[in-house]
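Below, each chain spelled out in residue letters.
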Amino acid sequence: MRLTTKGRFAVTAMIDLAMRQHSGPVTLAAISQRQNISLSYLEQLFGKLRRHELVDSVRGPGGGYSLARLARNVTVADIIFAVDEPLDATNCGGKHDCTSGNDGKSGKCMTHELWTTLNRKMVDYLDSVSLQDLVDQQRLRQLQEATKAAQGCTAVRVERGAAGAPAVSSPAIAVDATV
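## Remarks on the nonpolar core
Membership of the largest hydrophobic core comes to 35 residues, with the highest contact counts inside it found for Met14, Leu17, Ile31, Phe46, Leu49, Ile79 and Leu131. At the level of elements, helix H1 (5–20), helix H2 (28–35), helix H3 (39–51), strand E2 (64–67), helix H4 (76–82), helix H5 (112–128) and helix H6 (131–153) are the ones that each hand at least two residues to this core.

In structure tokens, the structure reads:
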């Protein structure tokens, strides 16, 4: 069982798109630059995402892509399956012909049900995670990083009070949480 770069890149690109579409269509060139994914690879992935009605495209100047549905209505499973990413832990691709005996007959291997159950659990999990969940996680992470950076940059200013004793003042920290 493995998730290839196709599925990983598709999910990453969809998060990037969902986070930035509020200001209009997002270009694949911009996603490519931010996420370090080949533009031609993104074009292939977004062709599949568009055919599965997960994204809409706008042509011409100012064009790009936007989500075809609300982010909360798109699951990770939708994205993975749209780009033809197989999620299969069985050795037989679910065809029940895992083993081939000396007599030439094929059948299920002893662990077939284990891997089939794992497949079902993976799909259930990926179907329970929405694109909006991932966007929210990313925004929270960015906010935490911005807060940490701002705290690292704050300085404490020491001034002399009326009686010559030090008076400590700390500037207010303002964090811009917009993305």
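Now that the structure is up, let's keep going.
## Let's talk about the pattern of salt bridges
In this structure the tally under the stated criterion is four salt bridges. When the shortest N-O distance is used, the salt bridge between Asp16 and Arg34 registers 2.7 Å. Pair noted here: Asp16 is in helix H1 and Arg34 is in helix H2, with a separation of 18 residues, a long-range link. Assessed through its relative accessible area of 2%, Asp16 is described here as buried.

## Focus on the packing of H2 against H3
Contact geometry of H2 with H3 gives a least axis separation of 9 Å together with a crossing angle of 120 degrees. Here H2 is positioned oblique relative to H3, judged by the angle of their axes. Between H2 and H3 lies a crossing of right-handed hand. Side by side, H2 and H3 meet where Leu28, Ala29, Ile31 and Ser32 of the first sit next to Leu39, Leu42, Glu43 and Phe46 of the second. Class assignment for the residues of the contact of H2 with H3 results in six nonpolar, one polar and one charged.

## Looking at the environment of Leu131
In this fold, Leu131 is placed in helix H6. Judged by its relative accessible area of 0%, Leu131 is buried. On a C-alpha basis, the gap between Leu131 and Asn73 in space is 7.6 Å, while along the polypeptide they are 58 residues apart.

## Structural notes on the packing of aromatic side chains
The relative placement of two aromatic rings is captured by the distance of their centres and the angle of their planes. Under the counting rule described, the total for this entry stands at two aromatic pairs. Seen from their ring centres, Phe9 and Tyr41 are 5.8 Å apart, and the 85 degrees between their planes marks the pair as edge-to-face. Of this pair, Phe9 sits in helix H1 while Tyr41 sits in helix H3, and the two are 32 residues apart along the sequence. Under the relative-accessibility criterion, Phe9 is labelled partly exposed at 28%. On the basis of relative accessibility, which here comes to 23%, the residue Tyr41 falls in the partly exposed class.

## Section: the pairing of E2
Every regular strand shows the same layout, with side chains that alternate between the two sheet faces. Here E2 shows no split at all, with Gly64 and Ser66 on one side and Tyr65 and Leu67 on the other all buried. Where strand E1 (residues 55–58) lies against E2, four bridges are found, and the strand directions are antiparallel. Bridged to Asp56 within E2 is Ser66. In this antiparallel pair of consecutive strands, E1 and E2, the connection spans five residues, and Gly60 shows a positive phi of 90 degrees.

Definitions and limits used
Residues numbered from 1 in each chain as written. Predicted model: local features only at pLDDT ≥ 70, side-chain atom pairs only at ≥ 80, totals over all residues. Heavy atoms only, no water. Core = buried A, V, L, I, M, F, W, Y, C linked by side-chain atoms within 4.5 Å. Buried < 20%, exposed > 50% of the residue type's maximum accessible area, 1.4 Å probe, protein only. Helix = DSSP H or I, 4+ residues; strand = E, 2+ residues; numbered from the N terminus. Salt bridge = Lys/Arg side-chain N within 4 Å of Asp/Glu carboxyl O. Axes fitted to C-alpha atoms, helices over the stretch in contact; angles between N-to-C directions. Parallel < 35°, antiparallel > 145°, perpendicular 65-115°, else oblique. Left-handed = near helix turned anticlockwise from the far one by under 90°. Contact = heavy atoms within 4.5 Å. Nonpolar A, V, L, I, M, F, W, Y, C, P; charged D, E, K, R; others polar. Phe/Tyr/Trp six-rings, centres within 6.5 Å; stacked < 30°, edge-to-face > 60°. Pairing = 2+ DSSP bridges.

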